[in-house]
Amino acid sequence: MKLEFILFGFGVLLCLAGIGYLAAEYVKYLSEVGKLVCLLLTVGMFGFLGKYFEGLGW
Amino acid sequence: MATKRTNLFLYLTLACFFGLVAIFIIDGYLGIYDTVYVTAGEYEEEIEPDFWLRHDRTWSTGVNWGEKVFFRYEVDNRQFSSYTADVDVSVWHGGEKVGDLVSQQVLISAFDKGQLEWTMDTTELLPTQPEQSYQYTVIIDRGEIERKIIVSLSPFLYPPKAVPVPPR
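These notes cover the structure that comes with them. For every chain, the first residue of the written sequence is number 1, and numbering continues from 1 onward in sequence order. To label them, take the chains in the order written and letter them from A, then take the ligands in the order written and number them from 1. The model is predicted, so local features are restricted to residues of pLDDT at least 70 and side-chain atom pairs to those at 80 or more, both for listing and for counting; the totals for chains, interfaces and linings are taken over all residues. To get the side-chain values, take all heavy atoms of the structure and skip hydrogens and water.

As a further point, take the environment of Asn64 of chain B. Residue placement: Asn64 of chain B occurs in strand 3 (residues 59-64). Once the C-alpha coordinates of Asn64 of chain B and Ser152 of chain B are considered, the two residues, 88 residues apart in sequence, prove to be 8.3 Å apart. Strands here are runs of E lasting at least two residues and helices are runs of H or I lasting at least four, both read from the DSSP assignment and numbered beginning at the N terminus.

All names here are of chain B. Tracing the sequence through the fold places Gln132 in the loop between helix 2 (122-125) and strand 8 (134-142). Sequence separation of Gln132 and Thr122 is 10 residues, and the distance between their C-alpha atoms is 14 Å. The contact criterion used throughout is that any non-hydrogen atoms of two residues lie within 4.5 Å. Those residues within four positions of Gln132 in sequence are excluded, and the remaining contacts are Leu153 and Pro155.

A separate point is helix 2 (residues 32-56) of chain A. Residue and element names in this part refer to chain A. Between its first and last C-alpha atoms helix 2 spans 36 Å; for 25 residues at 1.5 Å apiece the expected length is 36 Å, and the two agree. Per-residue accessibility, obtained with a 1.4 Å probe over protein chains only, is compared with the maximum for each type, and a residue is labelled buried under 20%, exposed over 50%, and partly exposed between these values. Within the sequence span of helix 2, burial applies to Gly34, Cys38, Leu41, Gly44, Met45, Leu49 and Tyr52. Of the residues flanking the end of helix 2, it is Gly57, one or two places downstream, whose phi is positive at about 90°. A helix's residues, less one, multiplied by 1.5 Å, set its expected span.

A separate point is the interface of chain A and chain B. Of the residues lining the interface, 23 residues belong to chain A; the matching set on chain B comes to 22 residues. Counting each side, the surface lost to burial between chain A and chain B is near 2,200 Å², with a carbon and sulfur contribution of 81%. Broken down residue by residue, the surface that chain A buries against chain B is led by Tyr29, Phe48 and Tyr52 of chain A, which jointly contribute 30%. Salt bridges are counted wherever a side-chain nitrogen of Lys or Arg sits within 4 Å of a carboxyl oxygen of Asp or Glu. Between chain A and chain B we count 0 salt bridges in total. Polar contact criterion, stated in full: a pair of N or O atoms within 3.5 Å, where within protein one must be able to donate a hydrogen and the other to accept it, and residues adjacent in sequence count only if both atoms are side-chain atoms. Summed over the shared surface of chain A and chain B, the result is 2 residue pairs in polar contact (both at pLDDT 80 or more). Breaking the side of chain A that touches chain B down by element, the ones donating at least two residues are helix 1 (2-26) and helix 2 of chain A. Among the elements that take part in the side of chain A that touches chain B, helix 2 of chain A stands out by supplying 13 residues, more than any other. Partitioned by chemical class, the residues of the side of chain A that touches chain B number 16 nonpolar, 5 polar and 2 charged. The buried area of a pairing is the accessible area, by a 1.4 Å probe, that goes missing from both parts when the two are put together, added over both. In this count, Pro and Cys sit with the nonpolar residues alongside Ala, Val, Leu, Ile, Met, Phe, Trp and Tyr, while Asp, Glu, Lys and Arg are called charged and the others, Gly among them, polar.

Strand pairing in a sheet relies on backbone hydrogen bonds, with the paired strands running either antiparallel or parallel. Residues and elements named next belong to chain B. Paired strands, in this sense, are two strands between which DSSP finds at least two bridges. Ordered in space as 2-1-4-7, the 4 strands form an open sheet in which the pairing is antiparallel. On the outer flanks of this sheet lie strand 2 (43-47) and strand 7 (112-121), each paired with one strand and no other. Averaged over neighbouring strand pairs, the angle between their axes works out to 15° when direction is ignored. Here, axes are lines fitted to C-alpha atoms. For helices the fit covers the stretch in contact, and angles between N-to-C directions go from 0 to 180 degrees.

Residues and elements named next belong to chain B. Evaluation of the coordinates by the stated rule reveals 9 salt bridges over all chains. Note that Lys113 is salt-bridged to Glu74, the shortest N-O span being 3.9 Å. In this pair, Lys113 sits in strand 7 while Glu74 sits in strand 4 (residues 68-78), placing the two residues 39 residues apart along the sequence. In this structure Glu74 comes out as buried when scored by relative accessible area, which is 13%. Two residues, Asp100 and Lys97, come together in a salt bridge whose shortest N-O distance is 2.9 Å. Residue Asp100 is classed as exposed on the basis of its relative accessible area of 56%. Since its relative accessible area comes to 46%, Lys97 is described here as partly exposed.

Attention shifts here to the sheet that holds strand 6 (residues 96-108) of chain B. Residue and element names in this part refer to chain B. If you walk across this open sheet you meet the 5 strands as 3-9-8-5-6, and the pairing is mixed. The open sheet has two free edges, formed respectively by strand 3 and strand 6, since each of these has just one partner strand. On average, adjacent strands in this sheet sit at an angle of 20° to one another, irrespective of strand direction. Examined bridge by bridge, strand 5 (residues 83-93) and strand 8 share 6 bridges and lie antiparallel to one another. Following the sheet pairing, Asp88 is matched in strand 8 by Asp141.

The subject of this paragraph is helix 1 of chain A. For helix 1 of chain A, with 25 residues, the first-to-last C-alpha span of 36 Å sits near the 36 Å given by 1.5 Å per residue. Considered for burial, the residues of helix 1 of chain A that qualify are Ile19, Leu22 and Tyr26 of chain A.

Listed below in structure tokens is the structure:
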């Protein structure tokens, strides 16, 4: 169970790091619509992730 | 049923994540990006592609009369198809065209870079040394894209003098 948590957390951190790198490199080239969609997708991603953890009972 | 609903949130999270990645790649990475390198004096200045995206900016640089300004225009084609465009570079002063520097067609294959180089000789713009500073605008036209670089031409106030060799 512990290993599962560690791997899960590691995976989430890596995904966030990847998104952070893409944002740092390419957000300045995004169009205004692209920036808005990214913002909505980011909010949605964290919202659904929170609901998923809530469903798991965390 | 609760497990299915929980997994649904996980799938939506993953969909948002991959959507983010796709947006950054499609909107942020893919496209045509141009970089201008300006060498005036001994310094090379790099005008990155995102500079032109910020509210119609104009780059400024300065040079002394008698010197040359070297330009290198690099077009990065980050598309799956080849890119063709006519590049026209001209010099303007006070809203009037002074001359043409480059007029060339570029053909860049997919995910490749194309490059143009040209030189602006200040003595061709002003044959005699001026007593005041003048500003010239170098306009780079690539299809519908226009880039403006202002070059301030300053008089060379302190011409080099030969240093006399002291007697031994």
